[in-house]
Amino acid sequence: MSNEDITLTAGDATLHLHPGNGGRIAGLEVGSLELLRQGDRFGCFPMVPWCGRIRDGRFLDGATVVQMPLNSPPHAIHGTARDGAWRTARVSADEAVITRELGAPWPHSARVTHVVQLAEDSLTLTMSVETYEDSFPAQIGWHPWFNRNLGGQDAQVDFAPAWQEERGADHLPTGNRIDPKPGPWDDCFGMPDGVDVTLTWPGQLELKVASREQWVVVYDEQAEAVCVEPQTGPPNGLNTLPRLVTPLEPLEATTTWTWTRL
């Protein structure tokens, strides 16, 4: 199938998916409210085969040092799959399945599958990385840009992480876990019982971002948006906490956003 834009609907929820622009969710409307910041770089994009920054764009792949392009100098950021077109495998009224083949500049061949399921009061995103050849470290995550303001009061962020990854001057975790600090944040947090973050736009809408994964990056240093990013490991995790994708064991992760009108 082609990579033409896709619209999903369920109840008064409408989702716009753009496979041709990095598999990005370009919009999510609940009634009259557009929850995601608009623009080619925004919406919600998949982060794969890594999340956040890789220090100096280099990671250890077995005994080999791999150099990725420095798309956020001096680091490489947010994977490669957001930079090109995905293919549409299947579409129904409220579900789409899109795929992307990993290859150069990523040194391994693999297939990424992203299942997007819309319901009247929720969105479930499931992503997997499969290989039939070499094993390699990888990560999966999502980078939604939620609008800070929906026409009323600014969004409030509520979560109770067990720790915050101390951030160095290079924006990467130092390896120390510290007590969570007040925002603004561009920081990774640990939630061992699973990601559970609530965004509330007072008098308008409450949205909960949940995942069985234990890592979440919260970025709210931008005036227009608040990002809540569930992921399978911390920034620079290909080096510090690698999870291997093997022919027998794919990597899979799910996040669910659930909303209630207020």
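Residues numbered from 1 in each chain as written. Predicted model: local features only at pLDDT ≥ 70, side-chain atom pairs only at ≥ 80, totals over all residues. Heavy atoms only, no water.

Q: Summarise the pattern of salt bridges; cite the residues concerned and give the values.
A: What the rule picks out here adds up to twelve salt bridges. Salt-bridge contacts for R111 lead to E101; the nearest nitrogen and oxygen are separated by 2.6 Å. A residue pair is termed long-range when its members are at least 10 positions apart, and R111 in strand β12 (residues 110-119) and E101 in strand β11 (residues 95-102) qualify at ten residues. A salt bridge links R177 to E165; the shortest N-O distance between them is 3.6 Å. With R177 in strand β18 (residues 173-178) and E165 in strand β17 (residues 163-167), this residue pair connects regions lying twelve residues apart in the sequence. By sharing partners, the salt bridges in this structure join R167, D187 and E221 into a single network. (Salt bridge = Lys/Arg side-chain N within 4 Å of Asp/Glu carboxyl O. Helix = DSSP H or I, 4+ residues; strand = E, 2+ residues; numbered from the N terminus.)

Q: Pulling in residues and values, what's your account of the sheet that holds strand β25 (residues 251-261)?
A: Sheet strands line up and pair through hydrogen bonds in the backbone, either parallel or antiparallel. Spatially, β10-β11-β12-β13-β25-β21-β20-β16 is the arrangement adopted by the eight strands of the open sheet, whose pairing is antiparallel. Looking at which strands have only one partner, the edges of the open sheet turn out to be β10 (87-91) and β16 (156-158). Looking at each pair of strands side by side, their axes are set apart by 15° on average, direction ignored. As paired strands, strand β20 (residues 195-201) and strand β21 (residues 205-211) are joined by seven bridges and run antiparallel to one another. Note on β21: the bridge partner recorded for L199 is L207. (Pairing = 2+ DSSP bridges. Axes fitted to C-alpha atoms, helices over the stretch in contact; angles between N-to-C directions.)

Q: Mind laying out the state of the cysteines, listing which residues take part and the relevant values?
A: Per the stated rule, a full pass over the model turns up zero disulfides. With no disulfide partner, C44 has as its closest neighbouring cysteine sulfur the one in C227, 9.3 Å distant. Cysteine C188 remains unbridged, with the sulfur of C51 as its closest cysteine sulfur at 9.5 Å. (Disulfide = S-S within 2.5 Å.)

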